[in-house]
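# A closer look at the structure
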Amino acid sequence: QVQLVESGGGLVQAGGSLRLSCAASGRTFSSYVMAWFRQAPGKEREFVAAITWSGATTYYADSVKGRFTISRDNAKNTVYLQMNSLKPEDTAVYYCAADDTLVVVTATLGPPDFGSWGQGTQVTVSS
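Rules and cut-offs
Along each chain, residue indices are assigned from 1 in the same order as the chain's sequence is written. Only residues with pLDDT of at least 70 get local features here, since the model is predicted, and only at 80 or more are side-chain atom pairs given and counted; chain-wide, interface and lining totals rely on the full set of residues. Processing note: side-chain calculations cover all non-hydrogen atoms of the structure and skip hydrogens and water entirely. Whenever a pair of cysteine sulfur atoms sits within 2.5 Å, that pair is classed as a disulfide. The helix and strand labels rest on DSSP assignments: H or I over at least four residues marks a helix, E over at least two residues marks a strand, and numbering proceeds from the N terminus. Working definition: with a 1.4 Å probe on protein chains only, accessible area under 20% of the residue-type maximum means buried, over 50% means exposed, and in between means partly exposed. Among buried residues, those of type Ala, Val, Leu, Ile, Met, Phe, Trp, Tyr and Cys that are joined through side-chain atoms within 4.5 Å constitute a nonpolar core. For this analysis, residues touch if any pair of their heavy atoms sits within 4.5 Å. At least two bridges found by DSSP between two strands are what make those strands a pair. To obtain each axis, a line is fitted to C-alpha atoms, and for helices this fit is confined to the stretch in contact; angles are then taken between N-to-C directions over 0 to 180 degrees. Any Phe, Tyr or Trp ring, taking Trp's six-membered ring, that has another such ring centre within 6.5 Å forms a pair; planes under 30 degrees apart are called stacked, those over 60 apart edge-to-face, and the others tilted. To sit over a ring, a charge needs its Lys NZ or Arg CZ within 6 Å of the ring centre and within 35 degrees of the ring normal.

## As for the state of the cysteines
Inspection of the entire model under this criterion finds one disulfide. Paired by a disulfide, C22 and C96 hold their sulfur atoms 2.1 Å apart. Looking down the S-S bond of the C22 and C96 bridge, the torsion is -80°, so its handedness is left-handed. Of the two residues, C22 sits in strand 3 (residues 18-24) while C96 sits in strand 9 (residues 92-99), which places them 74 residues apart along the sequence. No difference in accessibility class separates C22 from C96, as the two residues are buried.

## Here we look at the nonpolar core
When a protein is soluble and globular, its nonpolar side chains tend to lie buried together. Core analysis: the largest hydrophobic core is formed by 40 residues, its most contacted members being M34, W36, V79, L81, M83 and Y94. Apart from residues lying up to four places away in sequence, V79 is in contact with L20, S21, C22, F29, M34, W36, I51, I70, S71, R72 and C96.

## Thoughts on the sheet that holds strand 1 (residues 4-7)
Here four strands make up an open sheet; going across it, the order is 1-3-8-7 and the pairing antiparallel. The open sheet terminates on both sides in strands that have one partner only, identified here as strand 1 and strand 7 (68-73). Along the sheet, successive strands turn relative to each other by an average axial angle of 15°, direction set aside. As defined by bridge partners, strand 1 adjoins strand 3 across four bridges and the pair is classed as antiparallel. Bridging across to strand 3, V5 finds its partner in A23.

## Details of the environment of T58
Mapped onto the secondary structure, T58 falls in strand 6 (residues 58-60). The partly exposed category is assigned to T58, whose relative accessible area is 31%. Taking the C-alpha atoms as reference points, T58 and T91, 33 residues apart in sequence, are found 22 Å from one another. With residues up to four places along the chain from it excluded, the contact list for T58 reads A50, I51 and I70.

## Looking at the packing of aromatic side chains
Counted under the stated rule, the structure contains five aromatic pairs. With a centroid separation of 6.4 Å and 70° between ring planes, the pair formed by F114 and W117 is classed as edge-to-face. Classification of F114 by relative accessible area gives buried; the value is 5%. These aromatic residues form a ring-pair network of at least three members: F37, F47, Y95, F114 and W117. Sitting over the face of the ring of Y95, R45 holds its NZ or CZ atom 3.7 Å from the ring centroid. The side chain of R45 reaches across the aromatic face of W117, ending 4.9 Å from its centre.

So this is what it looks like as structure tokens:
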């Protein structure tokens, strides 16, 4: 399994922006589908965005579509989540996830579909 380390979380006012990064260990990063999930207090972990192996295709939850952008740099073993126009309801712990067994990528992927997880980074959006 790949080891994942997130960074970039913090406190931001509504309407602001943050960029999350997730650095992966190993030499086969390009064989992994990468995704971001988030979990707010008292809620289940939910899908935010996913990106295919080469980065050619991306998928988003409806709640973040048009505001968040997922991207990856396979040369740097890193996936990013650019978050713009942040809202208080975006407040959550954001987790990076990876899996190298997926053959189909959709916006309906859930936590059981991913075998590797980071420790999470807190994002807090104040109103």
